[in-house]
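Structure at a glance
Spelled out from the first residue to the last, the chains are:
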Number of protein chains: 2
Amino acid sequence: MKITILGGGGFLGRKLAQRLAAEGGLDGRPIAELTLFDLAEPAPLEAPFPVRRLAGDVASAADVAKAVPEGTSVVFHLAAVVSAAAEADFDLGMRVNLHGTLAVIEACRKLSTPPRVLFTSSVASFGGGQSALLPDEARQVPGNSYGAQKAAAELLLADASRRGMLDLVSIRLPTVIVRPGRPNKAASSFVSAILREPLLGLETPLPVGEDFRVWVCSPRRAVDWFLHAAVMDTAPLGIDRGVNPPGLAVSVGEMLAALTPAERALVRSEPDAVIAGIVGGWPAEFAATRAKKLGFAPQEGVPAILAAFREDDLAATRADRGM
Amino acid sequence: MKITILGGGGFLGRKLAQRLAAEGGLDGRPIAELTLFDLAEPAPLEAPFPVRRLAGDVASAADVAKAVPEGTSVVFHLAAVVSAAAEADFDLGMRVNLHGTLAVIEACRKLSTPPRVLFTSSVASFGGGQSALLPDEARQVPGNSYGAQKAAAELLLADASRRGMLDLVSIRLPTVIVRPGRPNKAASSFVSAILREPLLGLETPLPVGEDFRVWVCSPRRAVDWFLHAAVMDTAPLGIDRGVNPPGLAVSVGEMLAALTPAERALVRSEPDAVIAGIVGGWPAEFAATRAKKLGFAPQEGVPAILAAFREDDLAATRADRGM
């Protein structure tokens with residue numbers, strides 16, 4: 001089988017590619033070819049199958065068509081401009097998040113067999129705030145351009161799926177922690193930073209209170225969900241192709257309790273009304289009833305998330321930051 | 001004030017233009033110029049203000065920019081490819097219903113003052129079926145391309161509104177009856193035909209049972225809603241700019257009861273499983289609680305709908321059909 005990862009050079013795309021390389025196949029079938037597509041040519045990947053690495057523009061139908069050749073069985077569409085960037089640059093977000101998705105539909109409908117498409121939507125497409133426990137039927141009323149573009153893309157992909165151009169599963173990802181790298185200007189940056197920075201021996205600010213709750217998942221669990229979505233029976237979904245996966249609702253205090261006292265002491269309270277205002281609008285928890293019935297594995301607790309970061313990313317993060 | 005009607009040559013666009021011409025102003029302010037824009041140049045309109053009539057492509061940013069000049073206060077965006085046509089021709093529906101809306105956003109954001117935009121979305125963006133009484137919080141899970149494109153357009157317009165590019169009200173129109181003209185291949189054609197054809201003395205088939213319920217409004221009431229949306233205070237809407245207006249939930253039997261016995265005898269039961277299957281998925285009723293609080297007038301009963309058709313459209317329909 002041929003598989004394509006759009007956004008194959010990104011944080012989650014790379015982890016997904018590495019998992020496919022380690023497993024060599026999907027759903028008991030060998031992988032004949034993997035295409036990694038991103039704005040810059042993705043890094044080489046050691047794998048027991050051929051790997052094509054393409055640089056291109058996801059908003060270009062011609063570029064995406066090259067990345068999704070005839071015979072492609074699964075397309076993982078992870079290419080996105082994330083929340084802070086889409087808010088800062090409306091046109092860039094529309095180009096990548098909306099028109100990029102339209103290019104994916106165009107590429108898929110040209111194939112002789114409609115491919116399975118895994119689309120990463122986001123919890124940012126919902127409102128609700130700290131008191132929310134959103135049911136599966138919750139309406140998406142996004143308060144940011146990223147969420148609006150993702151929700152619109154879900155609708156258009158679902159229609160293409162209903163028409164038989166592709167076979168969709170959209171996963172509305174929680175905040176993924178622990179992200180490697182450095183603190184950045186994303187409002188959610190602190191959710192990873194309050195775990196990552198102390199593990200690196202560095203101080204880090206906490207802009208919200210310890211009772212602040214957030215809906216999270218680990219990169220490992222996100223990849224589990226992608227792979228499940230790639231092989232699951234989609235008939236039970238009907239025309240409703242959006243899934244709220246079973247993440248973990250956790251408070252900042254619960255996250256900090258997983259650190260050692262010395263690590264914990266590196267997290268300094270620095271209330272920031274602007275950040276608290278933005279992240280305070282995100283829903284803190286989902287019921288995720290449907291996803292559990294559909295076989296999506298629930299996110300394990302904070303200790304497992306921390307252990308995964310130590311095993312998978314801590315050494316590389318140290319190296320990247322010259323430590 | 002300058003006003004633009006995109007889709008100004010269509011059934012509802014024409015009625016809206018005639019109402020503006022009759023009233024001469026909006027919200028107590030005189031109309032300085034009205035632009036009617038459609039694929040074909042709209043027919044002349046007698047009005048106490050200058051009327052520009054433009055032919056163009058709503059998916060062309062340049063064409064729409066000409067239709068929305070600097071100083072435009074209100075844009076009525078009614079231009080659409082309707083349900084049956086968008087289902088038959090995916091590319092046409094995407095072009096007009098999605099890319100047309102993107103062109104409207106582009107035109108509005110170039111103005112020095114963000115204009116009020118009235119967007120006509122549709123009940124077709126919902127599912128639910130005959131047993132549904134949809135609350136205002138109901139999620140849009142469209143089972144047709146027209147509904148998917150309308151729901152996606154709502155999201156993108158609402159985001160543009162949140163960002164201050166325009167000031168949006170989206171109205172999810174019920175099935176509009178009584179439409180003039182002839183029976184056509186739209187699945188909902190019979191909802192108008194079972195009233196219109198008997199008034200013309202013609203037989204007409206009824207593809208569903210008399211207990212079939214449908215959510216309707218009259219063209220007059222739709223225009224009332226457009227005008228209210230054009231002048232209302234949008235602050236109470238917050239970022240949620242979609243309104244389910246207070247239409248009328250009515251059964252086919254209740255509709256037929258408004259006819260005389262001789263007219264009633266012209267409606268012949270001809271069950272059609274295909275049509276029943278399509279229209280059976282549409283929600284039969286909405287709570288419309290929010291819209292009533294926001295001042296949208298409720299739809300009156302079937303006798304008022306029939307009276308409006310007799311007054312406004314019956315003679316013209318006879319003439320058009322050579323009767």
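Notes on the structure in this doc start here. Keep in mind it's a predicted model, so treat the numbers as computed, not measured.

**Regarding the overall build of chain A**
Secondary structure summary: chain A contains 13 helices and 14 strands in total. The C-alpha atoms of chain A give a radius of gyration of 19 Å, which matches the 20 Å a tight globule of 323 residues would have. Looking at the 323 residues of chain A, the share that counts as buried comes to 56%. Considering only residue pairs separated by 6 or more positions, chain A has 77% of its internal contacts joining residues 24 or more positions apart. Counting every atom, chain A has about 12,300 Å² of accessible surface; 54% of that belongs to carbon and sulfur. Charged side chains of chain A number 33 positive and 35 negative; the gap between the two group centres comes to 3 Å.

**As for the sheet that holds strand β5 (residues 51-55) of chain A**
All names here are of chain A. Judged by pairing direction, the sheet is parallel, and its seven strands sit side by side in the order β5-β4-β1-β6-β7-β8-β12 without closing on themselves. Each edge of the open sheet carries a strand with a single partner, namely β5 and β12 (242-243). Across five bridges, strand β1 (residues 2-6) lies against strand β6 (residues 72-77) in parallel orientation. Bridged to Lys 2 within β6 is Thr 72.

**Notes on the packing of aromatic side chains**
The tally for this structure, following the rule as stated, stands at six aromatic pairs over all chains. Seen from their ring centres, Trp215(B) and Phe286(B) are 5.4 Å apart, and the 40° between their planes marks the pair as tilted. Taken together, the residues span a long stretch of sequence, with Trp215(B) in strand β11 (residues 213-217) and Phe286(B) in the loop between α10 (273-279) and α11 (289-293) at a distance of 71 residues. Owing to a relative accessible area of 4%, Phe286(B) belongs among the buried residues under this scheme. Among the aromatic side chains, those forming a connected cluster through ring pairs are Phe126(A), Trp215(A) and Phe286(A).

**Structural notes on the relation of the copies chain B and chain A**
Rotating chain B by 180° and moving it 0.0 Å along the rotation axis overlays it on chain A with an RMSD of 0.0 Å. With respect to symmetry, the two chain copies, as superposed, fit the operation of a two-fold axis. Most of the interface of chain B is mirrored in chain A, where 97% of its interface residues are also at the interface.

**Observations concerning the interface of chain B and chain A**
How big an interface is tends to be expressed through the accessible area that disappears when the partners come together. On the side of chain A, 34 residues touch chain B, which itself brings 35 residues to the contact. Taken over both partners, the interface formed by chain B and chain A buries close to 2,700 Å², and the fraction arising from carbon and sulfur atoms is 58%. Looking only at chain B, the three residues that lose the most surface to chain A are Phe90(B), Arg139(B) and Leu155(B), adding up to 25% of its buried area. Connecting chain B to chain A are seven salt bridges. Here Asp240(B) and Arg139(A) are joined by a salt bridge, their closest N and O atoms 2.5 Å apart.

**Notes on the pattern of salt bridges**
Tallied over the entire structure, the rule returns 49 salt bridges over all chains. A salt bridge links Asp167(A) to Arg116(A); its shortest N-O distance comes to 3.0 Å. Highlighted residues: Asp167(A) in strand β8 (residues 167-173) and Arg116(A) in strand β7 (residues 116-122), separated in sequence by 51 residues. Of the two residues, Asp167(A) and Arg116(A), neither departs from the other in class, the shared state being buried. One salt bridge connects Glu300(B) with Arg221(B), and the closest N-O pair in it is separated by 3.9 Å. Highlighted residues: Glu300(B) in the loop between α11 and α12 (302-312) and Arg221(B) in helix α7 (residues 219-231), separated in sequence by 79 residues. Judged by its relative accessible area of 47%, Glu300(B) falls in the partly exposed class. Bridged by salt links that share partners, the residues Arg19(A), Arg221(A), Asp224(A) and Glu300(A) form one connected network.

Conventions we followed
Residues numbered from 1 in each chain as written. Chains lettered and ligands numbered in written order. Predicted model: local features only at pLDDT ≥ 70, side-chain atom pairs only at ≥ 80, totals over all residues. Heavy atoms only, no water. Helix = DSSP H or I, 4+ residues; strand = E, 2+ residues; numbered from the N terminus. Rg over C-alpha atoms; globule rule 2.2 N^0.38 Å. Buried < 20%, exposed > 50% of the residue type's maximum accessible area, 1.4 Å probe, protein only. Contact = heavy atoms within 4.5 Å. Areas by Shrake-Rupley, 256 points an atom, 1.4 Å probe, with all protein chains shown as cover. Lys, Arg positive; Asp, Glu negative; His and termini not counted. Charge placed at Lys NZ, Arg CZ, Asp CG, Glu CD. Pairing = 2+ DSSP bridges. Phe/Tyr/Trp six-rings, centres within 6.5 Å; stacked < 30°, edge-to-face > 60°. Least-squares fit on C-alpha atoms with pLDDT ≥ 70 in both. Buried area = accessible area lost by both parts, 1.4 Å probe. Salt bridge = Lys/Arg side-chain N within 4 Å of Asp/Glu carboxyl O.

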